[in-house]
2 protein chains.
Amino acid sequence: MSDVYATRRGLLRDRCAAAGNTAALITRPANVRYLAGASPPSAVLLVGPDGEDVLFTVGPPTGEADEGRLDEGLRVSVLAGPGSDAAVAAGDMAGSLRAESLAVEEHHLTVARHRALRSVAPGLRLVDLGAAVEQQRLVKDEEEIACLRIAAEIADQALGELLESILVGRTERHLALELERRLVDHGADGPAFPTCVGTGPNSGLSRHRPSDRRVEEGDFLSVCLGANYRGYRCEIGRTFVIGTSPADWQIELYDLVFAAQRAGREALLPGAAYREVDHAARSVLDSGGHGEAVAASTGHGVGLEIDEDPQLAPTAMGKLDACVPVTVEPGVHLPGRGGVRIDDTLVVRPEADGGPELLTITTKELLAL
Amino acid sequence: MSDVYATRRGLLRDRCAAAGNTAALITRPANVRYLAGASPPSAVLLVGPDGEDVLFTVGPPTGEADEGRLDEGLRVSVLAGPGSDAAVAAGDMAGSLRAESLAVEEHHLTVARHRALRSVAPGLRLVDLGAAVEQQRLVKDEEEIACLRIAAEIADQALGELLESILVGRTERHLALELERRLVDHGADGPAFPTCVGTGPNSGLSRHRPSDRRVEEGDFLSVCLGANYRGYRCEIGRTFVIGTSPADWQIELYDLVFAAQRAGREALLPGAAYREVDHAARSVLDSGGHGEAVAASTGHGVGLEIDEDPQLAPTAMGKLDACVPVTVEPGVHLPGRGGVRIDDTLVVRPEADGGPELLTITTKELLAL
């Protein structure tokens, strides 16, 4: 399986070659992991023009599962000193390669490290790699999608079990901790992100840290969680009503958000513009009179990071490809009352193959619990 | 209480004034929080030479407790656009102040943002602020120490409760999750860092992510956890033996690490060099024949970050002051067998006041559980 990493580095190398004899220094952890199989703390990856790739780490890799499984075919240089900067060591080596320039991730590398690189390799021209690795990561291979599928299954299981338990009287915090425990029980490396539980006036928010508020009869209860499985992260969000009969305003709001989310899902096709998908969902919410209560984007890519390219937002440029996994997560929050958020992770597939593959299969029907 | 933040910003302003008419742009989240009371995601703080300080945030502050409580006397500029860079907006405003230069945190600011700043304020000279705010944060005031005291108490309580429960047969993961739940139950904002539980061959490691290994009779069991209380984080680490009678090698190793940790604690005095404290602990481990199995440092500062200046390490420069809180956490790990780590958080106090104030008071006697 080490071939997949060598192949990815090869593609990056080809891209750099098109820009001249360039080596590349990868410092963003998710990008290091994508290309090397693992990203130990403070590790950086040098991709050389002639295939002389090296992972520089500070201290020995601990072999901890959440760093990933290192590509066995990749050379590793271990720096012993506690003050060592792996980027500087990489720059030093880059200076000795055939490369005329070194492409760095200017959106990640600090000014201080950039200066240190310049001083350790003054003959090397430093250029910007830009988001080259992030772009490579957009389209997932079937193994990556398999990990996302398992991560989604784990999240579905954890959520399903919670719904069978008593919810009234429990705090948002405890429900979140319970969900995270179940994620781990079902095989996740850990939660994909801090689990979000909001009840009553806290429901329907896109970002809400679980508080000590207790679930009450008549509340909307919003839950958003995700599993990290072998580094791959997906998410699911659902909103429920507590008690036997939802109020009319709750049914109306739920139907609106459900329709918006369905419109977003149905817009997911190869060739669809990111902003079109956002517009599909947003315009449904607008037509229901809730345009202003809505988040900045309808969804985002997932993979080694829970929030990666593409952004499904009004200002986003670009179009979907098959095998790009994204979330579709519109919602409406009415301050003081609460609201609804419905969030799925799906993989874009050709229409001929049945359209988008839904990974998070927990029912989206409004459940009264 | 908003005075404390204004005072801190004033001290930073004075420091910048000594270097000429300089404004300062603070981007590191813990530093923003220290000076502004809160650090919403992506927020940056502009400290102007004439007191015109502004916090730039992207999207409204959510009021989430873990961001902190914003200084009410501080002006806030909210950027609406999803693609907005608060640093660029700050640079734009800095260009309109009396300042001739803008000091930035080069060890945090990315090359890309630095370029964006240069292009939005071409007349402003960008200089390096260095670790000025980190240095200000070294010595804690009594309110900060009070938060650390409470954080330590919470961690002690969580650990104490766990020790009263059955441990044999439970996995490292479950024990860690249990500890984190108890931290929150006892009033923590959350864990200070991912709780570390290692049993048997996993014991005594300085970094170990809890696995599915189950606690067995005869194991060493190492636990390291901490609470985050109002942003202030401290840590405690203890090692226990499971079962009724420790083996001779376990008693011997425990006594050695205990002696090393005590030597480290006793070296904590105002004026003591960081490297002296490290040496005090390290030389005890050396004399016991375990010098090479030891981590790169004996301890580190704590505060708004769990790992901050000073580093108690062989290469560290500098001396302790009163009211600097640090950890003392030597340990020995024998691959395949396990080991011992003992970790306290203490506040340096003058000898006349009784020496260092121990915050983490769980017994360090070797307990058989």
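Treat the numbers as computed from the prediction; the structure is a model and nothing was measured.

(A) Just the overall build of chain A, in detail. Scanning chain A from terminus to terminus reveals nine helices and 19 strands. Relative to a compact globule of 369 residues, whose C-alpha radius of gyration would be 21 Å, chain A shows 23 Å and is just as compact. Referenced to the eigenvectors of the C-alpha coordinate spread, the extents of chain A come out at roughly 70 × 40 × 35 Å. Considering only contacts within chain A whose residues lie at least 6 apart along the sequence, 66% involve residues at least 24 apart.

(B) View of the side chain of B:Arg173. Relative to the assigned elements, B:Arg173 resides in helix 7 (residues 172-185). Not counting chain neighbours up to four residues away, the residues in contact with B:Arg173 comprise A:Val184, A:Ala188, A:Asp189, B:Arg209, B:Pro210, B:Ser211 and B:Asp212.

(C) Molecular detail of the domain arrangement of chain A. Residue and element names in this part refer to chain A. Parsing chain A into structural domains produces domain 1 (2-136) and domain 2 (142-358). The centre of domain 1, based on its C-alpha atoms, is set 34 Å off from the matching centre of domain 2. Each partner contributes residues to the interface: domain 1 has seven residues there, and domain 2 has seven residues. Both sides of the domain 1 and domain 2 interface together cover about 620 Å² of buried area, and 48% of this is carbon and sulfur. The largest contributions to the domain 1 side of the interface with domain 2 come from Ala30, Arg33 and Tyr34, which together make up 49% of the buried area. Summed over the shared surface of domain 1 and domain 2, the number is two salt bridges. Between Glu305 and Arg28 there is a salt bridge, with its nearest N and O atoms 2.5 Å apart. Summed over the shared surface of domain 1 and domain 2, the number is two residue pairs in polar contact (both at pLDDT 80 or more). Take the side of domain 1 that touches domain 2: its biggest share by element is three residues, from helix 2 (residues 29-36). A class-by-class count of the residues in the side of domain 1 that touches domain 2 yields two nonpolar, no polar and five charged.

(D) Broad picture of the sheet that holds strand 12 (residues 236-241) of chain B. Residues and elements named next belong to chain B. Spatial strand order, 8-9-12: three strands in an open sheet with antiparallel pairing. Of all the strands in the sheet, just strand 8 (196-199) and strand 12 have a single pairing partner and so form its edges. Along the sheet, successive strands turn relative to each other by an average axial angle of 10 degrees, direction set aside. Both strand 9 (residues 220-225) and strand 12 contribute to a ladder of six bridges, which runs antiparallel. Each bridged residue has a counterpart across the sheet, and for Val223 the counterpart in strand 12 is Arg238. In the packing of helix 6 (residues 142-163) onto the sheet, contacts are made with strand 9 and strand 12, and the angle to strand 12 comes to roughly 15 degrees.

(E) Local environment of the side chain of B:Ser203. Within the secondary structure, B:Ser203 is located in the loop between strand 8 and strand 9. Not counting the four nearest positions on each side in its chain, B:Ser203 is found in contact with B:Gly198, B:Phe220, B:Leu221, B:Ser222, B:His333, B:Gly338 and B:Gly339.

(F) Local environment of helix 3 (residues 86-94) of chain B. Residues and elements named next belong to chain B. Among the residues making up helix 3, those that are buried are Ala86, Ala87, Ala89, Ala90, Gly91 and Ala94. In this fold, the buried residues of helix 3 make contact with strand 1 (22-26), strand 2 (44-47), strand 3 (54-58), strand 4 (75-79), strand 5 (101-104) and helix 4 (111-120). Where helix 3 starts, the residue carrying a side-chain oxygen 2.9 Å from the main-chain nitrogen of Ala87 turns out to be Asp85.

(G) Broad picture of the interface of chain A and chain B. The partner chain B presents 29 residues to the 28 residues of chain A that form the contact. For the pairing of chain A and chain B, the buried interface totals around 2500 Å² over both sides, and the portion due to carbon and sulfur atoms is 53%. For the pair chain A and chain B, the interface holds two salt bridges. For B:Glu106, the salt bridge is made with A:Arg115, and the minimal N-O distance between the two is 2.7 Å. There are 12 residue pairs in polar contact (both at pLDDT 80 or more) connecting chain A and chain B. Breaking the side of chain A that touches chain B down by element, the ones donating at least two residues are helix 4 (111-120) and helix 7 (172-185) of chain A. Among the elements that line the side of chain A that touches chain B, the one with the most residues is helix 7 of chain A, at six residues.

(H) Examining helix 3 (residues 86-94) of chain A more closely. All names here are of chain A. If you check which residues of helix 3 are buried, you get Ala86, Ala87, Ala90, Gly91 and Ala94. Considered in projection along helix 3, the buried side chains sweep an arc of 140 degrees and stay on one side of the axis. Buried residues belonging to helix 3 abut strand 1 (22-26), strand 2 (44-47), strand 3 (54-58), strand 4 (75-79), strand 5 (101-104) and helix 4.

(I) Region of interest: the pairing of strand 12 (residues 236-241) of chain A. Taking burial as the measure, the six residues of strand 12 of chain A include six buried ones, the bulk of the element. Neither face of strand 12 of chain A is open: one carries A:Ile236, A:Arg238 and A:Phe240, the other A:Gly237, A:Thr239 and A:Val241, and all of them are buried.

Conventions used here
Residues numbered from 1 in each chain as written. Chains lettered and ligands numbered in written order. Predicted model: local features only at pLDDT ≥ 70, side-chain atom pairs only at ≥ 80, totals over all residues. Heavy atoms only, no water. Helix = DSSP H or I, 4+ residues; strand = E, 2+ residues; numbered from the N terminus. Rg over C-alpha atoms; globule rule 2.2 N^0.38 Å. Contact = heavy atoms within 4.5 Å. Domains from an automatic or database assignment. Buried area = accessible area lost by both parts, 1.4 Å probe. Salt bridge = Lys/Arg side-chain N within 4 Å of Asp/Glu carboxyl O. Polar contact = N/O pair within 3.5 Å; in protein donor to acceptor, adjacent residues only side chain to side chain. Nonpolar A, V, L, I, M, F, W, Y, C, P; charged D, E, K, R; others polar. Pairing = 2+ DSSP bridges. Axes fitted to C-alpha atoms, helices over the stretch in contact; angles between N-to-C directions. Buried < 20%, exposed > 50% of the residue type's maximum accessible area, 1.4 Å probe, protein only. Arc of directions from axis to C-beta.

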